Number of protein chains: 2
Amino acid sequence: MKIVIDCYGADYSPDELVKGAITSVNLIEDVEIILTGNQEEIQKVMDEVGYKGNKIEIVDAKDVISCNESPTMAIRRKKDSSLVAGLNILKDREDVIGMISAGSTGAVLAGGLFVIGRMDGVKRPALAPFLPTMTGGKTLLIDCGANVDCKPEYLQQFAIMGSIYVKSMLGIENPRVGLISNGVEEHKGNEQIHQTFELLKNTPEINFVGNMEAREMLSGDYDVLVCDGFTGNVALKSAEGTIKCFMEVLKQEIKAGGVRAKTGYLFMKKALKKIKARLNYTDVGGSPFLGINKILVKSHGSSKAKTIYSCVLQVMEIHKSNYIEKMREGIKNSSIAGEE
Amino acid sequence: MKIVIDCYGADYSPDELVKGAITSVNLIEDVEIILTGNQEEIQKVMDEVGYKGNKIEIVDAKDVISCNESPTMAIRRKKDSSLVAGLNILKDREDVIGMISAGSTGAVLAGGLFVIGRMDGVKRPALAPFLPTMTGGKTLLIDCGANVDCKPEYLQQFAIMGSIYVKSMLGIENPRVGLISNGVEEHKGNEQIHQTFELLKNTPEINFVGNMEAREMLSGDYDVLVCDGFTGNVALKSAEGTIKCFMEVLKQEIKAGGVRAKTGYLFMKKALKKIKARLNYTDVGGSPFLGINKILVKSHGSSKAKTIYSCVLQVMEIHKSNYIEKMREGIKNSSIAGEE
């Protein structure tokens, strides 16, 4: 199985991306990787690590798309960028099952739309990462940043797409769908949420539980969390910032707490590390861009080699679940098919 | 100084509210409390605690407004509710400096609007709690739930009101204002944010720093965080849920981690307790409803006696800062005064 990795546009480009690719081909038997980007620089990292195998191919593409340029313009103009080169390989080569990029989110989304294209019937593709829950499971947040302005019909389709994906990936028969609002009662929410609530109530193919508070996102009571991309971004980033704040305050308290606290910390170090790992969704893979015609995973801008390795595993899992076919089928047969 | 406390509509009504009042008059010399609600039940709690002083007055009001009824209807119809009785006292009696309620947020807001009324020139009053930052300071989140659908002009005025309040309460000369968005760049955000960004850039009386990510809310880099009430609620509740999740996973890891982890926990217990307290904004008071003609503080529905005591201190602080006058003055002289 071949997977493309865009090696540029990320915080640790190209080193960590290349190292992630090497880890992947070393640890996973049936995977081959195509790296796009500056060939010499990539080769240099491979030489430093000492990789001599034949499971990694480099496709030279010297341009880089940064976070500061207009995504749409960049995709159209920078044909020789590592991102566009990768997307073209993903589109054209049938033996390539998916692609990973840790570059500019906007550019990856624009590229997914313009180069790869939406599935028939999909109104707006969406970014949908799995978050770890308190009960040890996973919950899907859809959309977490692809569509900042959403009509209620888009949110309705996110609920359908999210349900199909969760069923395909986790084998859950009737994924519980929650609509993120400012309270659980039906009358809670803004105008957008009120209208979406009505639509979701009347969407027979999903298991709509009702409105939910952002407080319950990680409770394990929901399999699919529906919101627009702006709200999803705020919810996710707020959680991220809180964990960061918690760890920082913990450090301060340990420093100020004297010998007892320091000793305690040493004893608990392993447990705290495990918690950080459990709650750190960036370690467990990236966000697939659901609703486009190929598997495209957006990894965190600050991805390290192990993040990229997780993403490779994620692409393989998505591929093995037969997600693309199931999503196409599900969208075609959904109760809102044919709407515009 | 007299303060009204609405004893009903909260999770631990009336016991914890009454106990909070007793703690307050016992610990704070120059405060007197007026309790509204079922007189016999309130008296019973006072007898149980053994309060014999003369600094607490009870005003009988038998009706209760719950979270499940329409706030506006409830305020209009339930004239004999503890909430409406309290608001009328707040409105009519000049020696009463403020009021605290832990009842239905919607009803408290509706009551604040209809019974107390907005200050001249205020478009939409807003709920604005202080959150603790990583650096040991405070940051104001405005709006956190009063206005779920906001025009950009409302957000602009939140920035102005928040700045006046922060200056008044914390003595910060030019509070740094951040606009919560899905990225720091000027082009980030949804349609509402784009329009608000333009307005804030051109509001001379505030110190607008720019767009910010929800991840940075607790960083200490901002004094005023501006967003609509829907977004504010999601950001706050997501942070709350993350802390809950962190503590729960910590418990699980300690259980699973054997003797070392358990021992470590015992050593660190005090530090962890302090962190929980530092990050738990519900312990540090409630959310004032900014922009109405009196000091009205909404406390958490699950308030305990110590929360109520914090709210009493908060009302006194707000009063002493001369906030009402400063806010009236600030709104009157603001660059957008007279707009509609």
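Residues numbered from 1 in each chain as written. Chains lettered and ligands numbered in written order. Predicted model: local features only at pLDDT ≥ 70, side-chain atom pairs only at ≥ 80, totals over all residues. Heavy atoms only, no water.

Enquirer: Residues and numbers for the packing of helix H6 (residues 152-170) of chain B against helix H11 (residues 323-332) of chain B, please.
Expert: Residue and element names in this part refer to chain B. Contact pair H6 / H11: the axes reach a minimum separation of 10 Å and the direction vectors enclose 145°. The hand of the H6/H11 crossing is right-handed. Residues Gln-157, Met-161, Ile-164, Tyr-165 and Ser-168 of H6 pack against Tyr-323, Lys-326, Met-327, Gly-330 and Ile-331 of H11. Here the contact of H6 with H11 is built from residues that sort into six nonpolar, three polar and one charged. (Axes fitted to C-alpha atoms, helices over the stretch in contact; angles between N-to-C directions. Helix = DSSP H or I, 4+ residues; strand = E, 2+ residues; numbered from the N terminus. Left-handed = near helix turned anticlockwise from the far one by under 90°. Contact = heavy atoms within 4.5 Å. Nonpolar A, V, L, I, M, F, W, Y, C, P; charged D, E, K, R; others polar.)

Enquirer: Can you tell me about unusual backbone geometry, naming the residues and giving the values?
Expert: What is expected of a backbone is that most residues other than glycine have negative phi and most peptide bonds are trans. Residue and element names in this part refer to chain A. The peptide bond linking Ser-13 to Pro-14 adopts the cis configuration, its omega dihedral lying at -10°. Here Pro-14 is to be found in the loop between strand S1 (2-6) and helix H1 (15-27). A cis geometry characterises the amide bond from Ile-142 onward to Asp-143, with omega recorded as 5°. Along the polypeptide, Asp-143 turns up in the loop between strand S7 (138-142) and helix H6 (152-170). A positive phi angle, close to 65°, is found at Asn-322, a residue other than glycine. Structurally, the position occupied by Asn-322 is in the loop between helix H10 (305-320) and helix H11 (323-332).

Enquirer: Now, about the sheet that holds strand S4 (residues 96-101) of chain B: what can you tell me, with residues and values included?
Expert: Residue and element names in this part refer to chain B. What the seven strands build is an open sheet, ordered S3-S2-S1-S4-S12-S11-S5; its pairing is mixed. Strand pairing shows two members of the sheet lacking a second neighbour, strand S3 (56-60) and strand S5 (126-127), which therefore form its edges. Across two bridges, the pairing between S5 and strand S11 (residues 287-290) is antiparallel. Counted as the bridge partner of Leu-127 is Phe-289 from S11. (Pairing = 2+ DSSP bridges.)

Enquirer: Can you lay out the environment of Val-259 of chain B for me, pointing to particular residues and giving the numbers?
Expert: Residues and elements named next belong to chain B. With respect to the element layout, Val-259 can be found in helix H9 (residues 258-279). On the accessibility criterion, Val-259 (67% relative accessible area) is exposed. For the pair formed by Val-259 and Asp-80, sequence separation is 179 residues and the distance between their alpha carbons is 57 Å. (Buried < 20%, exposed > 50% of the residue type's maximum accessible area, 1.4 Å probe, protein only.)

Enquirer: Could you give an account of the environment of Ile-254 of chain A, with specific residues and numbers?
Expert: Among the secondary structure elements, Ile-254 of chain A is positioned in helix H8 (residues 229-256). As for Ile-254 of chain A and Gly-264 of chain A, which are separated by 10 residues in sequence, their C-alpha atoms are 8.7 Å apart. Discounting residues that sit within four places of it in the chain, Ile-254 of chain A has contacts with Ala-261, Lys-262 and Tyr-265 of chain A together with Met-268 of chain B.

Enquirer: Account for the interface of chain A and chain B, with residues named and values stated.
Expert: Taken together, the contacts link 57 residues of chain A with 57 residues of chain B. Summing both sides of the interface, chain A and chain B together bury roughly 5400 Å²; the carbon and sulfur share of this comes to 68%. Taken together, the links from chain A to chain B amount to four salt bridges. At the boundary of chain A and chain B, one finds 12 residue pairs in polar contact (both at pLDDT 80 or more). When contributions to the side of chain A that touches chain B are tallied by element, the ones reaching two or more residues are strand S8 (176-181), helix H7 (191-201), H8 and helix H9 (258-279) of chain A. With 22 residues, H8 of chain A is the largest single contributor of residues to the side of chain A that touches chain B. Residues of the side of chain A that touches chain B, tallied by class, amount to 28 nonpolar, 15 polar and 14 charged. (Buried area = accessible area lost by both parts, 1.4 Å probe. Salt bridge = Lys/Arg side-chain N within 4 Å of Asp/Glu carboxyl O. Polar contact = N/O pair within 3.5 Å; in protein donor to acceptor, adjacent residues only side chain to side chain.)

Enquirer: Now, about the relation of the copies chain A and chain B: what can you tell me, with residues and values included?
Expert: When chain A is fitted to chain B, the residual RMSD is 0.0 Å, and the transformation amounts to a turn of 180° plus an axial shift of 0.0 Å. The superposition operator between the copies reduces to a two-fold rotation axis. For chain A, the residue whose C-alpha comes nearest the rotation axis is Gly-264 of chain A, separated from it by 1.9 Å. Both copies contact each other with a shared surface, as 100% of the interface residues of chain A are interface residues in chain B too. (Least-squares fit on C-alpha atoms with pLDDT ≥ 70 in both.)

Enquirer: Hey, could you go over the pattern of salt bridges for me, with residue numbers and the actual values?
Expert: Any two side chains of opposite charge can pair, so long as their charged atoms come close to each other. Under the defined criterion, the tally for this structure stands at 28 salt bridges over all chains. A salt bridge links Glu-69 of chain A to Lys-78 of chain A; its shortest N-O distance comes to 3.0 Å. Of the charged contacts, one joins Glu-240 of chain B and Arg-215 of chain A as a salt bridge, the two residues approaching to 2.6 Å between their closest N and O atoms. Of this pair, Glu-240 of chain B sits in helix H8 (residues 229-256) while Arg-215 of chain A sits in the loop between strand S9 (207-213) and strand S10 (224-226), which puts the two residues in different chains.

Enquirer: How would you sum up the side chain of Asn-233 of chain A? Please name residues and give values.
Expert: Relative to the helices and strands, Asn-233 of chain A is located in helix H8. When residues no more than four places from it in sequence are discounted, the contact partners of Asn-233 of chain A are Cys-144 of chain A together with Ser-181, Asn-182 and Glu-213 of chain B.

Enquirer: If you had to explain the pairing of strand S9 (residues 207-213) of chain B to someone new, which residues and values would you point to?
Expert: Residues and elements named next belong to chain B. By the criterion of burial, S9 is predominantly enclosed, with five of the seven residues buried. With six bridges connecting them, strand S8 (residues 176-181) and S9 associate as parallel partners. Of the residues in S9, the one forming a bridge with Arg-176 is Asn-207. With helix H7 (residues 191-201) bridging S8 and the parallel S9, this β-α-β connection has right-handed handedness. (Right-handed = clockwise from strand over helix to strand, strands pointing away.)

Enquirer: Please give an account of the packing of aromatic side chains that cites residues and values.
Expert: What the rule picks out here adds up to seven aromatic pairs over all chains. Residues Phe-197 of chain A and Phe-208 of chain A carry aromatic rings whose centres are separated by 5.3 Å and whose planes lie at 75° to one another, so their mutual orientation is edge-to-face. Separated by 11 residues along the polypeptide, Phe-197 of chain A in helix H7 and Phe-208 of chain A in strand S9 bring together distant segments of the chain. An angle of 35° between the planes, with centres 4.0 Å apart, marks the rings of Phe-246 of chain A and Phe-246 of chain B as tilted. With Phe-246 of chain A in helix H8 and Phe-246 of chain B in helix H8, this residue pair bridges two chains. With respect to burial, Phe-246 of chain A and Phe-246 of chain B carry one shared label: buried. Taken together, the ring pairs connect Phe-130, Tyr-165 and Tyr-323 of chain A into an aromatic cluster. We note Arg-76 of chain A situated over the ring of Phe-114 of chain A; from NZ or CZ to the ring centre the distance is 5.0 Å. In this arrangement the basic side chain of Lys-304 of chain A is found over the ring face of Tyr-12 of chain A, its NZ or CZ atom lying 5.1 Å from the centre. (Phe/Tyr/Trp six-rings, centres within 6.5 Å; stacked < 30°, edge-to-face > 60°. Lys NZ or Arg CZ within 6 Å of the ring centre and 35° of its normal.)

Enquirer: Give a description of the sheet that holds strand S6 (residues 130-132) of chain A that names residues and reports values.
Expert: Strand pairing in a sheet takes place through backbone hydrogen bonds and is either antiparallel or parallel in direction. Residues and elements named next belong to chain A. Strand order in the open sheet formed by five strands is S6-S7-S10-S8-S9, and the pairing between neighbours is mixed. Strands with a single pairing partner mark the edges of an open sheet, and in this sheet they are S6 and S9. The mean angle between the axes of side-by-side strands here comes to 30°, regardless of whether they run parallel or antiparallel.

Enquirer: Can you break down the pairing of strand S4 (residues 96-101) of chain A residue by residue, with the values?
Expert: Residues and elements named next belong to chain A. Most of S4 sits out of view: six of its six residues are buried. Of the strand pairs in this sheet, S1 and S4 are connected by five bridges, and their pairing is parallel. By the bridge assignment, Val-4 is partnered in S4 with Met-99. Taken together, the four bridges between S4 and strand S12 (residues 295-298) define a ladder with parallel strand orientation. In the strand pairing of S12, Ser-101 is matched with Lys-298.

Enquirer: Talk me through a negative patch on the surface; I want residue IDs and the actual numbers.
Expert: Residues and elements named next belong to chain A. Negative charge collects at one region of the surface, where Asp-15, Glu-41, Asp-47 and Glu-48 lie side by side. In terms of residues, the negative patch owes the most to one element, helix H2 (residues 39-49), which gives three residues. Turning to its location among the elements, Glu-41 is positioned in helix H2. Residue classification places Glu-41 among the partly exposed positions, given a relative accessible area of 38%. (Patch = residues over 30% accessible without salt bridge, like charges linked within 9 Å, V, L, I, M, F, W, Y side chains within 5 Å. Areas by Shrake-Rupley, 256 points an atom, 1.4 Å probe, with all protein chains shown as cover. Lys, Arg positive; Asp, Glu negative; His and termini not counted. Charge placed at Lys NZ, Arg CZ, Asp CG, Glu CD.)

By themselves, these observations are geometric and do not establish any function.
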